[in-house]
Amino acid sequence: MAELKEARVPDIGDDKDVPVIELLVQPGDVVKKDQGLVTLESDKATMEVPAPFDGIVRELKVKVGDELSEGSVVALIEPAVAAAAPPPAKPAAAPAPAPAPAAAPAPAAVARPESAAPAPAPAPAKPAEAPRAASAEAPSRSSPPVSFDADALMPAKVPHASPAVRLFARELGVDLSQVTGSARAGRISKEDVQAFVKSALAGGGAPRATGGGGGLDLIPWPKVDFAKFGPVESKPLSRIQKLSGANLARNWAMIPHVTQFDDADITEMEAFRKKLGEENKDTKVTPLVFLIKAAVAALKKYPAFNASLDGDNLVLKKYFHIGIAVDTPDGLVVPVIRDADRKGLLELAKELGEISAKARDKKLTSADMQGGCFSISSLGGIGGTAFTPIINAPEVAILGVSRSAMKPVWNGKDFDARLMLPLSLSYDHRVIDGAAAARFTAYLAQVLGDLRRLLL
Ligand code: CAO
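Now for a description of the structure that goes with this document.

About the cut-offs
- Residues numbered from 1 in each chain as written.
- Predicted model: local features only at pLDDT ≥ 70, side-chain atom pairs only at ≥ 80, totals over all residues.
- Heavy atoms only, no water.
- Near = heavy atom within 4 Å.
- Polar contact = N/O pair within 3.5 Å; in protein donor to acceptor, adjacent residues only side chain to side chain.
- Areas by Shrake-Rupley, 256 points an atom, 1.4 Å probe, with all protein chains shown as cover.
- Helix = DSSP H or I, 4+ residues; strand = E, 2+ residues; numbered from the N terminus.
- Salt bridge = Lys/Arg side-chain N within 4 Å of Asp/Glu carboxyl O.
- Buried < 20%, exposed > 50% of the residue type's maximum accessible area, 1.4 Å probe, protein only.
- Axes fitted to C-alpha atoms, helices over the stretch in contact; angles between N-to-C directions.
- Parallel < 35°, antiparallel > 145°, perpendicular 65-115°, else oblique.
- Left-handed = near helix turned anticlockwise from the far one by under 90°.
- Contact = heavy atoms within 4.5 Å.
- Nonpolar A, V, L, I, M, F, W, Y, C, P; charged D, E, K, R; others polar.
- Pairing = 2+ DSSP bridges.

**Topic: the site of the ligand**
Residues in close proximity to the ligand total 23 residues, the closest being T286, D327, R360, S377 and S404. The contact in question runs from an oxygen atom of the ligand to an N or O atom on the backbone of D327, over 2.9 Å. S404 has a polar backbone atom sitting 3.0 Å from a nitrogen atom of the ligand. Starting from 960 Å² of accessible surface for the ligand in isolation, the protein chains cover 71%. Among the secondary structure elements, those contributing two or more residues to the shell around the ligand are α6 (287-301), β14 (326-328), α7 (345-360) and β17 (374-378).

Shown next, in the form of structure tokens:
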């Protein structure tokens, strides 16, 4: 047999110890240059390690679950010129690793970053991963293959799924090892995760909730032939609707919601807003920017609202990133305005205009929707007097805002006509109690009623 050459992991940026999730070839396979040998999957992307030249795979040096870095040897390949003879069925024994090719640097990996398309909920910080190799050490250029705990590495125990699907599953609290993949080589798709959740909700088995939540023992979803009762048209849900629907259902089912209602007297605020609008004709200043500022002030005063549950701990955030629910033709998305505490009203107004436009033009990236601390859902431009917003997990509260209206307010002697803004604060009752929520909305109303309080 001619000299075997190594196929190594090429430059994969900063990623290290990236797990192999799929073997794309077997010993004996004829491969073309750039053909994928194995698939690696980091938290950010799925990538194939390509064959550096045409040839025959004589030995695979890795197995599913191994963690590789740049330069790790993936396979021994007999180059095509030398490999004219038909390949043996299986190599009898693993040949010793051939010396590294002198020239021929490995070609760049074909990185397939997963879709950065809008996802409705911010990603959790860094949840638990699927079982990984017991040893984190990647084979170096000269080291022999590292041995791993076979039990932790049984291929069946390492679910094949892209980073986006893993993230989606994590957000739903689904344990991927319980999901059967329907795509190529048993790979798990988003649809598989959705089907798993649907079946679980219909009584077919509960998704294992991260943090130990029990499953819902619900009766099956009613199956009705609607066409029996009149003409119907079936329209598929948009991708955003499916994603946000799954998030909303999870959040509604798993978070004990309570909604606190209050009214803020924004008569003076409105006069100031109008003045600001006249002075800054090219920036649309809506009540929402004042709400963002007031929410930041309330979050500073009541830090439990600027927090997330992490098991038995409450993670209190020292930053103020505010999610804004934006209605788009394809469904609801929640881009995040970062460091809202450091921005003035006009800067917030400008940014709000930009993210709303970006959302409606479908240009939001997943990064634009991550890291939120607290969300605001404003239906004030449309109407309504109150509603119950659903908390955007892992946040613990969300402020709903309805349309302001002139109302008679008793001043002790007479009724005054005041512009009142309805506030609806939904909160996670595991973290926040009713008294704290009432204080929070009362303080919000105070700030909105007298913006000088923002200076305190
Ligand atoms: N009371 C009275 N008027 C209000 C108001 C309120 N609370 N909030 C906004 N308005 C007015 C604005 O001043 C604006 O008036 P002009 O056109 O005369 O200036 C008009 O209503 C429209 O405002 P807007 O909706 O364009 O702007 P916004 O900053 O208030 O909101 C955005 C921006 C992106 C949040 C909003 O467009 C949106 O998408 N809202 C829907 C959010 C949603 O769907 N939430 C539900 C989630 S749960 O399913």
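**Side note on the pattern of salt bridges**
By the definition in use, this model includes 18 salt bridges. We note a salt bridge from E270 to R273, for which the minimum N-O separation is 2.7 Å. Here E270 and its partner R273 are both found in helix α5 (residues 267-279), three residues apart, which amounts to about one turn of the helix. Judged by its relative accessible area of 17%, R273 falls in the buried class. Among the ionic pairs, D339 bridges to R342, the shortest N-O distance being 3.7 Å. One salt-bridge network, held together by shared partners, links D265, E268 and R418.

**Topic: the packing of α6 against helix α8 (residues 434-449)**
Following both chains from N to C, one finds α6 and α8 inclined at 135°, their axes separated by 9 Å at the closest point. It follows from the interaxial angle that α6 and α8 lie oblique. α8 is crossed by α6, and the crossing has right-handed handedness. Seen from α6, the contacting residues are F290, L291, A294, A295, A297, A298, L299 and K301; seen from α8, they are F440, Y443, L444, V447 and L448. Looking at the contact of α6 with α8 residue by residue, the classes come out as twelve nonpolar, no polar and one charged.

**Notes on the environment of G55**
Within the secondary structure layout, G55 lies in strand β6 (residues 55-60). Taking the C-alpha atoms as reference, G55 lies 9.6 Å from K5; in sequence the two are 50 residues apart. Contacts of G55, omitting those with residues within four sequence positions, involve D29, V30, V31, I77, E78, P79 and A80.

**Regarding the pairing of strand β4 (residues 36-41)**
The side chains of a regular strand alternate between both faces of the sheet. Of all six residues that make up β4, six are buried, and the element is covered over most of its length. Of the pairings in the sheet, the one linking strand β2 (residues 18-23) to β4 comprises three bridges and is antiparallel in character. For V20, the partnering residue across the bridge sits in β4 and is L40.

**Thoughts on the sheet that holds β6**
If you trace the four strands from one edge of the open sheet to the other, you get β1-β8-β6-β3, paired in antiparallel fashion. The outermost strands of the open sheet, each flanked by one partner alone, are β1 (5-8) and β3 (30-31). Two elements, β3 and β6, share two bridges in a ladder whose sense is antiparallel. Bridged to V30 within β6 is I56.

**A word on the pairing of β6**
Among the six residues of β6, six are classified as buried, and the element is accordingly described as predominantly covered. Where β6 and strand β8 (residues 73-79) come together, five bridges link them in antiparallel fashion. Across the sheet, the residue bridging to V57 is I77, located in β8.

**Thoughts on unusual backbone geometry**
The step from A393 to P394 runs through a cis peptide bond, and the omega angle for that step is 10°. Looking at the secondary structure, you find P394 in the loop between β17 and β18 (397-401). Of note, the phi angle at D17 is positive, near 50°, even though the residue is not glycine. Checked against the element boundaries, D17 lands in the loop between β1 and β2. For D339, which is not glycine, the phi dihedral falls at a positive 45°. With respect to the element layout, D339 can be found in the loop between β16 (336-337) and α7.

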